[in-house]
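So you can see what is in the structure, the chains are spelled out below.
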Amino acid sequence: MARNYRKLLFATALSAFTLAVCGQGLNSAYFLSGSFSRHEMNPAFAPERNYFSLPVIGGFGTDFVSNAGASNFIYNSKSYPGKLTTFMSGDVDRVEFLNGLKDITKLNTGISVNVFSFGFTSFGGYNTVEFRVRNNETVSLPKELFEFMKSGLVPGEYSIDDVRVRSNTYADLALGHSRMVGDRLRFGATLHLLAGAEYLDMNVSHIEATTMASRWNIRMNGTVNASGEITYGRKNDGAVDLNDIKYKFPGVSGLGLAFDLGAAYDMSDIVDGLSLSASVTDFGFINWSKGKTFATDPNKTVEFDGFHDVSKTSDIEDQFNKIGEDFKSMTNLYETESGSFSGNPTATLRLGILYRLPWVDWISAGELLTYMTGYNNFESRTSVNIAPAKWFDASLNLAFSSYATNMGWVVNFHPKGFNFYIGSDGLKVKLSNNIPTEATSANIVLGMRFPLGDM
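All chains use their own residue numbering, which begins from 1 and follows the written sequence. In keeping with the model being predicted, local features are shown solely for residues with a pLDDT of at least 70 and side-chain atom pairs are shown and tallied solely at 80 or more, while totals for entire chains, interfaces and linings include all residues. Think of the side-chain values as coming from all heavy atoms in the structure, minus any hydrogens and water.

When the centres of two rings from Phe, Tyr and Trp lie within 6.5 Å, Trp using its six-membered ring, the rings pair. Their planes under 30 degrees apart give stacked, over 60 give edge-to-face, and anything left gives tilted. What the rule picks out here adds up to 21 aromatic pairs. Note on F392 and F413: the rings are 5.1 Å apart at their centroids and 45° apart in plane angle, and the pair reads as tilted. Taken together, the residues F392 in strand β21 (residues 392–401) and F413 in strand β22 (residues 405–413) connect sequence positions 21 residues apart. Aromatic rings pair up to connect F73, F87, F97 and F146 into one cluster. The side chain of R38 reaches across the aromatic face of F45, ending 3.8 Å from its centre. Under the scheme used here, helices are H or I runs from DSSP no shorter than 4 residues and strands are E runs no shorter than 2 residues, and both carry numbers assigned from the N terminus. Only Lys NZ and Arg CZ are tested; either one counts as a charge over a ring when it is within 6 Å of the ring centre and within 35 degrees of the ring normal.

So, on to the pairing of β22. Successive residues of a regular strand alternate their side chains across the two faces of the sheet. Burial along β22 is one-sided: N406, G408, V410 and N412 are buried, while T405, M407, W409, V411 and F413, pointing the other way, are not. Any two strands with at least two DSSP-identified bridges between them are counted as paired. Pairing of β21 with β22 involves nine bridges; the strand directions are antiparallel. Following the sheet pairing, L396 is matched in β22 by W409. Following β21, the chain reverses through three residues before pairing antiparallel with β22. The rule is simple: take the accessible area with a 1.4 Å probe, protein chains only, and divide by the maximum for that residue type; under 20% is buried, over 50% is exposed, in between is partly exposed.

Take the pairing of strand β14 (residues 291–295) next. Pairing of strand β9 (residues 216–227) with β14, which is carried by five bridges, proceeds in the antiparallel orientation. The residue of β14 that forms the bridge with S227 is G291. As defined by bridge partners, β14 adjoins strand β16 (residues 334–335) across two bridges and the pair is classed as antiparallel. Residue pairing for β16: F294 is matched across the bridge by E335.

What follows is about the side chain of S178. For S178, the position within the fold is in strand β7 (residues 156–181). Every residue in contact with S178, bar those within four places of it in the chain, is listed here: P43, A44, F45, A46, G125, Y126, R186, F187 and G188. Whether two residues touch is decided by their heavy atoms; if any such pair falls within 4.5 Å, the residues are in contact.

The biggest cluster of nonpolar side chains holds 41 residues, and the ones touching the most others in it are F146, F148, M149, I218 and F307. When residues in this core are grouped by element, the largest group, five residues, is from β9. Setting aside chain neighbours within four positions, we find I218 in contact with F148, I207, E208, A209, K300, T301, V302, F304 and M330. Grouped together as the second largest cluster of nonpolar side chains are 14 residues, F31, A264, V410 and V445 included. Only buried Ala, Val, Leu, Ile, Met, Phe, Trp, Tyr and Cys residues count toward a nonpolar core, and they belong to the same one when joined by side-chain atoms within 4.5 Å.

Here's what the structure looks like:
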C-alpha cells in the first residue's frame, strides 16, 4: 500500500499536473500555561514541571485544510443515474463548474507523531528533548488550469502560471532550552536535527496552451525534484516515459537543520496582566542527496489530442486515472544533471498578546497572529482561556484565516502524575454521501504525558 502510494504520488507530480489529485502546532493551546507541549510553538514557554512521554501516545496531530470541497470536482452523473462523475464529464456545465472555484484551489495536509519526549530543569533554565516524525503536503492549482482542461477542442489560447505540488516527510530530533533574562523577559531556542525520508516538489512556473479543432499545442516551464531511487524508461526523444517509473525507498535521503527562536515578555509593570510573546519555528533546510531533478524544455512544443470526457466509465477512480493519462500525454520531462537539491520545512511565525484579568486571574483573553510560509496561510485567532483549578485549563477561540473561519478549542488535564490534552483548531466538514462538499478544515491534536514532582 505504501509503495503504491509513493509511486502514485511521484507519477502524479511527474505528469505534472494531475489534480494532485500535528503535533502540527495546536494554536488553541498557545496561551495555556498548564500545557506540556506549547513550547513546540514558542520555545520560550517552559512547562510547569519536568515530564516524559511514551511513544505515539505522547502526541499525535493531523491537519487537513482546503478552500474547495470534493463537490467542486465530483458530481452526480446525469448520463448514469446513481453514479458519480468528475468535472470533466460532458454532463457538467463549464461555466457553472468554473464559477464554483476560487482563483487558486489550495489543499494542505500535515501529520506529526511524537515518538518520545522529555523535559527537565537544569543548566540555568528548562530543557526539552523530542523526537517526532512529521509530514506536510501542499497543492496549489490556479483556476486557469481547470478552464484550460474544460475548453474542449474549441480554438483558443491559455496562459497558466504557478502550478505547485509538494510533499515532505522527515524525522525531527529537537533539543530546546529556555531561561529568564532579567525579571520579565524569557528567551528560548530549539535546534532541530532533521533526517529526510521523502521529498517531492513539482513547480510549474508557466504553461502556454493553444487549442485547435484537431489538436492542442503545449509549452511548459517547470521542474520536479524527487528524493529516492528512481528508475524509468525513455521515449524516443529521451524524455521520461511516465508509464514506466519505478521507485525504491532508500531510507534516509537527506539531512538538515532547523531552528526555533522565541521570547515572552511580562508587561505587568505597564499594564497589569498584560504579556507579549513572539516566535519563529521550523526555520531551516534539508539537503536531499539521494534523488533526481527533472525539467521540461520550454522551447519544445508538445502536441496531444486534448482532454476527454471520461464519464463513459462508471468507476470514479478510473475516471480520475484517465485524467492523469491525459496529463501524461501533454508532458515531456527530461532528467537534468543536478545532483542534490534543498527543500525547506514549513516555517511558522507567531505573535501573541495575552491579557489576564487582574480581578479574576484564572480568566484571560488572547490574540494570536500566525503565518505559515509553506502553506502561505495567515490566521488571526482570538481566545478566551480559563484555569479554574491548578490541574485543569481550557480555551475556546475563533479564528479567521486565508482559508476559512473556524472555532477552536482545547481541554488540558494536568494533575499530579499525568497530563492528557485534546483539542482542535477547527473542525469544519460538511458531508454528502460521505464526500466533503464545501471548503474543509479538519485538525485534531491529542496526547498524554507524565509530569514528575508536585504541582
